[in-house]
Structure formats: C-alpha cells, structure tokens
Amino acid sequence: MSNPGTTNSAPIENRAQLVEVLMRGNKPQRQWRIGTEHEKFGFVRPDMAEGRTPYAPPPYMPRGIGALLEALSGPDWEPIYDGEAVIGLKGANTHKGCSISLEPAGQFELSGAPLETLHETDQEMRAHFDLIRGPVKELGLGFVPVGFQPLWGRGDMPWMPKSRYAIMRRYMPTVGALGLDMMTRSSTVQVNLDFSDEADMARKMRVSLALQPLVSALMANSPFVEGKANGYLSNRCRIWTDTDNARAGQPPLFFADDFSFERYVDWVLDVPMYFVVRDGKNVDVAGASFRRWLENGEVPEGLKAYPDQTPTIGDFEDHLTTAFPDVRLKQFLEMRGADAGSPQMMVAHSALWVGLLYDPATLEAAERLVRELDWGVYQQLRADVPKLAMDAPFPGALRALARRVLALAEQGLRARARDEAQFLAPLQAIADGGPTQAEHWLALYKGAWGGDVRPIFQHAEV
Ligand SMILES: Nc1ncnc2c1ncn2[C@@H]1O[C@H](COP(=O)(O)OP(=O)(O)OP(=O)(O)O)[C@@H](O)[C@H]1O
Ligand SMILES: N[C@@H](CCC(=O)O)C(=O)O
Ligand SMILES: N[C@@H](CS)C(=O)O
C-alpha cells in the first residue's frame, strides 16, 4: 500500500465532486503511463542466521524490515513515518516518482514511478533489486517474490507498525475467513494504467476485469502453504475469494454497458469504511457506511470524539484506497489479479496489460473477444483458477484463450512501435504449453527437493 500523503480537506458538497475525483484521471494518450508495483517476502538467510530461526520472516526490528528501510534511507530515499516509525521511503532525484512501502507483515513493496515504456519498467525492477541487494545481505536477509508465504503460519507472521493495518487487522476476521492471510501472507504484482475518458475507462474495465482470472492463471505462483503443497496453484487467489466480498472480486455492474465514473462512485460508497484521517492520525471507523455519513449525516461512531465530522474530498480519496476489486479504479486502473513472481514474469505482466489496453484498435478487438462469452463464464473462471490455473475448464480451453489474448497483446505492443513485444515471452511460453511458475516449483518439490519447500528460498532474487 502506498504511503500516507496530504489530504484535501474541502467538504463534499455534492456527488458531482466525487465523480470529478475520478475524472481527474482522464489523460490524452500521449500522457498514458505504466506504474508497476510489486511485493515480496523477506526471510532470514540460513547461512547468516546468527541465533535467528533460518527462513523466518524478519520482524520490523531488530535486524529486520525497519533496519532495511533505515539502511536504504538517504538523499535519494527520504523516510516516511507513521508516528515514530519509518514505514516507507519516498524516492527523490533519479528515483523521483517511486516509493518503497510495507505490506502488513513487512512484504517489501516497490511502487514504481509512472513510466513511458516497458524498457523503463524492466530497468526499474532490476535497479530496485540491485539497490536492496547489499543492505539485505548485510542484515543476513533474503527476499523471494512468490504469491503466498511458503513456509510459515499465520501466527508466525510479524506485524509492521502501521496504524492502517492495526485497523484492518481487527476488522478482517469479522468479514471473511482469510483476510489476515491476505494481509500478512500474500504478495502481488500490479500494474496501473491510464484512460482518456469515461468510455475508454469503461472499455478498459470490462476487458481487464473479464481477463483478470486468465492472467491470475498465467501468473500462478503460490502452491505452497506452511511447508506443503496445499492443492492450489494460486493460493493467493484463493484467499481473495474469502477476504471481504463487499470490497473484492468482479462486481457485475463493472461489466455493464452503462458502467461509468458515477456508477463506481455509487458502488464504492457502499464499500464499508476502514478509517478516516484526523489530526494526521488514522481514526478507526471500520464497518461504517460512507454513504450514510454523506447522505444522512450519520457520523461514524469512531469519529464522534473529533471536532471535524464533515466528510471531505480527502476522506473520499482515502476511502477509494480501501476497495479491492480485481480491477480498481482511482485516477487510473489497477490490475490486481496476479501473484508476485520472477522479475521477468512481473515485467511480462505489465507488458500484457499495456499491449492489450494501450493501443485503441487492439483494445476494441479485445473487447470483441471478451464479449463472445457471457460475463458469468469469467466469474466461473475466477472460481476455478486458484486450484487449476491454466487447466481450469473454459469453453474451447483456457490455453486457447491465452494464445488469442497474447497475440492481441503482441499486436498492441507492436503498434506502440517501442520494441516491447519481447517482454511477453515468459507468458507466451506458458500459453504454448509450458508450466506456470507454480507447476515449475511443484515439479522440483516432488522431485529434486524431496518434499521439502525450503529450497525455494535458494531461488530468492536477493
Ligand atoms: N498516471 C499514472 N499512470 C499509471 N500509473 C500511475 C499513474 N499515477 C500513479 N501511478 C502508479 O500507481 C502506483 C502507486 O499507486 P498508489 O501509491 O496510489 O498505491 P496503491 O495502489 O494505493 O497501493 P496498493 O496497491 O499497495 O494498495 C505507482 O506504481 C505509480 O506508478
Ligand atoms: N498483498 C495483496 C495486495 C495488497 C494490496 O496492495 O492491496 C495481494 O497479494 O493481493
Ligand atoms: N495492500 C492493501 C491490503 S493489505 C492495503 O494496504 O490496504
């Protein structure tokens, strides 16, 4: 999750202002950018454990995630605080536009800068791993980008000192069985992409929401839970099915022909709140209704002790970050279906979506393709993919769909004329019959690793 920023304290006077928050994202095509975010799990290196448990998830302190943030901070990386604790870094100078942030159990996240080409995305990812390699080793740690924590249980995971997460931690168990696993034991790669206007946004939403399960299957990389294969290829996608369905999934109205900024506003007003920021602090209002606060003046219980009880534009902007549909709308669209994976796979993930969505003729063709079937087919696919990935049942076979979609993505990238089609190669190999990352690890686990998952840590990126 991004780090806390400044908020707009203007009171909300009418709904048009909320629509306007989203519309501010409209941009001409020449200003469209690619913003890639990824998360990864830290672990204690067995050869440098020095009294610590080998492979354990690092705590915040000592010799953990907080220490890594401190080691990285400097003129290029300014610390960001939650109270007294450093909880992120804001890039400056040549790293302007990037930030480093923490997920609840310290999954280390690069929120990349909005970039023009996939070559820059590729370079940014490499530069990030190069940047952290030294300090990570110095602390006796490593980092592995997979979709679900392979070894440790829910109770073994540390909690980072972030007030947003204290609120979510309390609330999650009241709305789903696996929300705490989503928070502490999952890691993803996401790409944020722009739109020109409402019609373009709605088309990109339909195409990307329908194809999110296909991409989850191609990117499946979370077959291990607590030291064993647990029967899922993307356990991370499974946990999203039972986290909090009031804010996650594929809401059917996002597919509708009349989907619009206003309809998203309408949907998100009914997503239960988590927090509002007052006096620079997150105030717990988890479960309260933004709509009833805004429309009926029902002040959320937790806010009653504060003088500023009027909903502001900043409150709505914060609320937008608490919705987790498979494709999230803010001032850009965020693709949220994929497990974290190797750097090549994570760049390929951005490449797939850029190819499909950023060339208008390709986007139209992609929309025709997804409209060949009822939306219900893609919803069923979402239910089947966690277990089966590319072997999930699909009319005409999922690999055939993957090949068509990748051919379109390639066409879209070629139309951009930036020599980017090469970045699709790892996904094309899977569409053509190769194993997903999850299947690759499972073959090793059943073979050379002799039923032990720990060797996965030897394949760490840093
Ligand atoms: N105009 C843009 N086009 C594409 N990407 C953008 C644009 N503006 C910002 N981004 C990207 O959005 C990402 C960060 O968004 P933000 O800081 O709001 O995180 P977040 O999505 O709230 O975090 P999380 O997904 O972890 O909850 C960055 O990677 C950034 O590059
Ligand atoms: N870790 C979560 C993503 C958290 C977020 O950025 O919303 C996931 O794997 O999907
Ligand atoms: N990444 C999400 C879920 S833990 C957030 O930070 O809000």
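Residues numbered from 1 in each chain as written. Chains lettered and ligands numbered in written order. Predicted model: local features only at pLDDT ≥ 70, side-chain atom pairs only at ≥ 80, totals over all residues. Heavy atoms only, no water.

Student: Give a description of the overall build of the chain that names residues and reports values.
Tutor: Of the regular secondary structure elements, the chain holds 16 helices and 15 strands. Summarising its shape, the C-alpha atoms of the chain cover approximately 65 × 55 × 45 Å along the three principal directions. Relative to its full complement of 462 residues, the chain shows a buried share of 60%. Taking as baseline every contact in the chain between residues at least 6 positions apart, the subset at least 24 positions apart corresponds to 74%. A total of about 17,600 Å² of accessible surface is found on the chain, and carbon and sulfur atoms cover 50% of it. Seen as two clouds, the 48 positive and the 59 negative side-chain charges of the chain have centres 3 Å apart. (Helix = DSSP H or I, 4+ residues; strand = E, 2+ residues; numbered from the N terminus. Buried < 20%, exposed > 50% of the residue type's maximum accessible area, 1.4 Å probe, protein only. Contact = heavy atoms within 4.5 Å. Areas by Shrake-Rupley, 256 points an atom, 1.4 Å probe, with all protein chains shown as cover. Lys, Arg positive; Asp, Glu negative; His and termini not counted. Charge placed at Lys NZ, Arg CZ, Asp CG, Glu CD.)

Student: Summarise empty space enclosed by the protein; cite the residues concerned and give the values.
Tutor: Tallying each qualifying case throughout the model produces 3 cavities of 30 Å³ or more. The computed volume of the largest cavity comes to approximately 150 Å³. Residue assignment for the lining of the largest cavity shows that the elements contributing at least two residues are helix H6 (198-218), helix H7 (235-241), strand S13 (324-325), strand S15 (333-339) and helix H13 (375-388). Across the lining of the largest cavity, the residue classes tally to 7 nonpolar, 4 polar and 4 charged. The calculated volume of the second largest cavity comes to roughly 50 Å³. Phe41, Gly42, Pro57, Pro58, Ile65, Ala105, Gly106, Gln107, Gln149, Met157 and Thr184 together form the lining of the second largest cavity. Classifying every residue of the lining of the second largest cavity by side-chain character gives 6 nonpolar, 5 polar and no charged. (1 Å grid on protein atoms, 1.4 Å probe; cavity = no way out; pocket = protein on both sides within 12 Å on 5 of 7 lines; lining within 4 Å. Points joined across faces, edges and corners; volume = space filled by probe spheres on them. Nonpolar A, V, L, I, M, F, W, Y, C, P; charged D, E, K, R; others polar.)

Student: So what's going on with the packing of aromatic side chains? Residues and values would help.
Tutor: Throughout the structure, instances matching the rule amount to 22 aromatic pairs. Relative to Phe259, the ring of Phe254 lies with its centre 5.1 Å away and its plane at 35°, an arrangement referred to as tilted. Note on Phe254: relative accessible area 0%, which makes it buried. Ring centres 6.3 Å apart and planes at 45° place the aromatic pair Tyr274 and Phe324 in the tilted group. (Phe/Tyr/Trp six-rings, centres within 6.5 Å; stacked < 30°, edge-to-face > 60°.)

Student: An account of the environment of Val44 is needed here, citing residue identities and associated values.
Tutor: Topologically, Val44 is positioned in strand S1 (residues 34-44). Judged by its relative accessible area of 3%, Val44 falls in the buried class. Separated by 215 residues in sequence, Val44 and Phe259 have C-alpha atoms that sit 47 Å apart. In this view, Val44 contacts Ala49, Arg52, Thr53, Pro54, Tyr55, Ala56, Gly140 and Leu141; residues no more than four positions away in its chain are not counted.

Student: So what's going on with the pattern of salt bridges? Which residues, and what values?
Tutor: Per the counting criterion, the structure on display carries 38 salt bridges. In this structure, Glu317 engages Arg24 in a salt bridge whose closest nitrogen and oxygen atoms are separated by 3.0 Å. With Glu317 in helix H10 (residues 313-320) and Arg24 in the loop between helix H1 (15-23) and S1, the pair connects residues that are 293 residues apart, well separated along the chain. By relative accessible area, Glu317 is classed as partly exposed at 22%. (Salt bridge = Lys/Arg side-chain N within 4 Å of Asp/Glu carboxyl O.)

Student: Could you give me a rundown of the site of ligand 2, with the residues and numbers involved?
Tutor: The immediate surroundings of ligand 2 are formed by Glu39, Glu103, Met182, Ser186, Ser187, Thr188, Gln190, Arg236, Trp240, Phe324 and Arg336. Note that an oxygen atom of ligand 2 is positioned 3.4 Å from one of the side-chain N or O atoms of Gln190. Arg336 places a polar side-chain atom, nitrogen or oxygen, 2.7 Å from an oxygen atom of ligand 2. (Near = heavy atom within 4 Å. Polar contact = N/O pair within 3.5 Å; in protein donor to acceptor, adjacent residues only side chain to side chain.)

Student: Describe the nonpolar core, naming the residues involved and giving the relevant values.
Tutor: Counting residues in hydrophobic clusters, the biggest one holds 140 residues, and the most contacted among them are Phe108, Leu211, Tyr264, Phe316 and Trp353. Looking at this core, the element that brings in the most residues is H6, giving 11 residues. Dropping the residues within four chain positions of it, Trp353 is found in contact with Val191, Leu193, Ser208, Leu211, Gln212, Val215, Met335 and Tyr358. With 18 residues, the next largest nonpolar core counts Met168, Trp240, Ala248 and Phe324 among its residues. (Core = buried A, V, L, I, M, F, W, Y, C linked by side-chain atoms within 4.5 Å.)

Student: Which residues make up the confidence of the model for the chain, and what values do they have?
Tutor: When the pLDDT values of the chain are averaged, the result is 97; 99% of them are 70 or greater. In the model output, the complex is listed with pTM 0.98 alongside ipTM 0.95. (pLDDT = per-residue confidence, 0-100.)

Student: Pulling in residues and values, what's your account of helix H4 (residues 163-171)?
Tutor: All of the buried residues in H4 are Arg164, Tyr165, Ile167, Met168 and Tyr171. Relative to the axis of H4, the buried residues are bounded by an arc of 155° and lie together on one face. Looking at the buried positions of H4, the neighbouring elements they touch are strand S4 (99-102), helix H5 (179-185), strand S11 (275-278), strand S12 (281-284) and S13. (Arc of directions from axis to C-beta.)

Student: Go over H6, please, and point to the residues and values.
Tutor: In this model, H6 (21 residues) spans 29 Å end to end at C-alpha, consistent with the 30 Å of a helix rising 1.5 Å per residue. The largest bend in H6 is about 45°, located at Gln212, with the proline Pro213 one to four residues further on. Counting buried positions along H6 yields 18 of 21 residues, so the element is predominantly enclosed. Capping the start of H6 is the job of one residue whose side-chain oxygen sits 3.3 Å from the backbone nitrogen of Ala199: Asp197. (Expected span 1.5 Å × (residues − 1). Bend = angle between axes of the 7 residues up to and from the residue.)

Student: Tell me what's going on with the pairing of S1, and back it up with residues and numbers.
Tutor: For S1, the buried fraction is high: 11 of the 11 residues fall into the buried class. Inspection of the sheet shows S1 paired to strand S7 (residues 188-193) by 5 bridges, in the antiparallel sense. Bridge assignment links Ile34 to a residue of S7, and that residue is Leu193. By the bridge criterion, 4 bridges tie S1 to strand S5 (residues 108-111) in an arrangement that is antiparallel. Across the sheet, Glu37 pairs through a bridge with Ser111, a residue of S5. Alignment of S1 against strand S6 (residues 141-144), held across 4 bridges, turns out to be antiparallel. Bridging from a neighbouring strand, Gly42 pairs with Phe143 of S6. (Pairing = 2+ DSSP bridges.)

Student: Now, about the environment of Ala286: what can you tell me, with residues and values included?
Tutor: Tracing the backbone through its elements, the reader meets Ala286 in the loop between S12 and helix H9 (290-296). The spacing of Ala286 and Phe275 is 11 residues in sequence and 6.1 Å in space, taken between C-alpha atoms. Every residue in contact with Ala286, bar those within four places of it in the chain, is listed here: Ile167, Arg170, Tyr171, Met273 and Tyr274.

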